[in-house]
Amino acid sequence: MIWKFIKDKVDKGIDVYLITVAETIGSSPGKVGFKMAVAADNDLNGTIGGGIMEYQLVELARKELNSKSGKNFLKRQVHSHDAEEDKSGMICSGEQTQIFNHFSKENADEIDKLVELIDSNKSGKIVLTASGIEVYEGDAHINRNSIEFQKSESSYRYSEPIGFKETVYIFGAGHISVPLSQILALLDFRVEVYDNRKDLSTFNQNVYAHKKEIVDYKNVAGLVPEGKNSYVVIMTFGHKFDEIVLKQFLNKDLKYIGMIGSKSKVGTIFQELVNEGFSKEQVERVCSPIGLPIGGLSAAEIAVSIAAQIVEWRNKR
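Residues numbered from 1 in each chain as written. Predicted model: local features only at pLDDT ≥ 70, side-chain atom pairs only at ≥ 80, totals over all residues. Heavy atoms only, no water.

Focus on the pattern of salt bridges
Point 1. Inspection of every chain in the model, using the stated rule, returns 16 salt bridges.
Point 2. Put simply, Lys7 and Asp11 hold a salt bridge, and the shortest N to O gap is 3.0 Å. You can see Lys7 and its partner Asp11 sitting in helix H1 (residues 2–11), four residues apart, about one turn around the helix.
Point 3. Overall, Lys7 belongs to the partly exposed group, its relative accessible area being 25%.
Point 4. On the basis of relative accessibility, which here comes to 40%, the residue Asp11 falls in the partly exposed class.
Point 5. The partner of Lys7 in a salt bridge is Asp112, with the nearest N and O atoms 2.7 Å apart. (Salt bridge = Lys/Arg side-chain N within 4 Å of Asp/Glu carboxyl O. Helix = DSSP H or I, 4+ residues; strand = E, 2+ residues; numbered from the N terminus. Buried < 20%, exposed > 50% of the residue type's maximum accessible area, 1.4 Å probe, protein only.)

Here we look at the nonpolar core
Point 1. Core analysis: the biggest nonpolar cluster contains 27 residues, and Trp3, Ile6, Leu18, Phe103, Ile111, Leu114 and Ile133 have the highest contact counts within it.
Point 2. Secondary-structure elements contributing two or more residues to this core are H1, strand S1 (16–25), strand S2 (35–39), strand S5 (95–103), helix H3 (108–119), strand S6 (124–129), strand S7 (132–137) and strand S9 (156–162).
Point 3. At six residues, H3 tops the list of elements feeding residues into this core.
Point 4. With residues near it in sequence (within four places) discarded, Leu18 still touches Ile2, Trp3, Ile6, Lys35, Met36, Ala37, Ile99, Phe100, Asn101, Phe103 and Leu128.
Point 5. Grouped together as the second largest cluster of nonpolar side chains are 24 residues, Ile170, Leu184, Leu200 and Trp313 included. (Core = buried A, V, L, I, M, F, W, Y, C linked by side-chain atoms within 4.5 Å. Contact = heavy atoms within 4.5 Å.)

Observations concerning the sheet that holds strand S11 (residues 190–195)
Point 1. The strand order across the open sheet formed by five strands is S12-S11-S10-S13-S14, and the pairing between neighbours is parallel. Looking at the sheet topology across the chains shown, the edges are occupied by strand S12 (211–214) and strand S14 (254–259). In this sheet, neighbouring strand axes are inclined to one another by 15 degrees on average, regardless of whether the strands run parallel or antiparallel.
Point 2. Across five bridges, strand S10 (residues 167–171) lies against S11 in parallel orientation. Paired with Phe171 across the strands is Tyr194, a residue of S11. (Pairing = 2+ DSSP bridges. Axes fitted to C-alpha atoms, helices over the stretch in contact; angles between N-to-C directions.)

Structure, rendered in structure tokens:
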């Protein structure tokens, strides 16, 4: 996570420039909200679109770090050979505006607060201005679905919600859960893993999940909030537990539900659920057998197929 990268550097007394894409027009490689951190020790984290444009902006950040200017400012980039000024070196015809924010030990308290909010998945927002960064906790007056940016000749204000992170809730901490957690974390999902078995080696080995907990599978409905940011993956030890968990989510408004299993096992569970009174529509919304059909057999390959399906649902549905 880019904010943990910044926190680590600031805590060590290493200054950082955060470059944030605040506005785009037309075709542009960087999207609003993309971020890249450039540290005074030359370490980098994140991206703002790549290519020659990114290289030039990184060099600009390094120049500012070397001069110890400490200033916060906007930098526009136009992706056209015909641009009279702010030429990015790219030719995709759009443009994007970046915020350059300087962070040092003076910002440590705000960065600590921000990382804590993100780690605990609490709601809030960050505000970037020419004066620096402000971090607010709580969801009052926060538009959780959008980034807001205003600018004038002399000032700017960028506001971004936090704590509404898309989260994958994995029920079953077996051998697939470890690579799946790793891949999903790389894809910027929050990952929570639950199992009912104590002293499970793969549960203990999973260092990628943001949260892990031993639970009673009969009482897990309250662990997953409704909404478009919630994804459920069911792959417990045994189809009976899968069914127990699945029942608790069929009536919930969730972005995605997937369950592992063979076609015959899945068919049996689905028929039992219909016999118990669940509708065919409720049952058929479950992606099962889970994952895209890429033909993989290893735990890592199955994890890739599940992650790919989750990304498909995130981006297209």
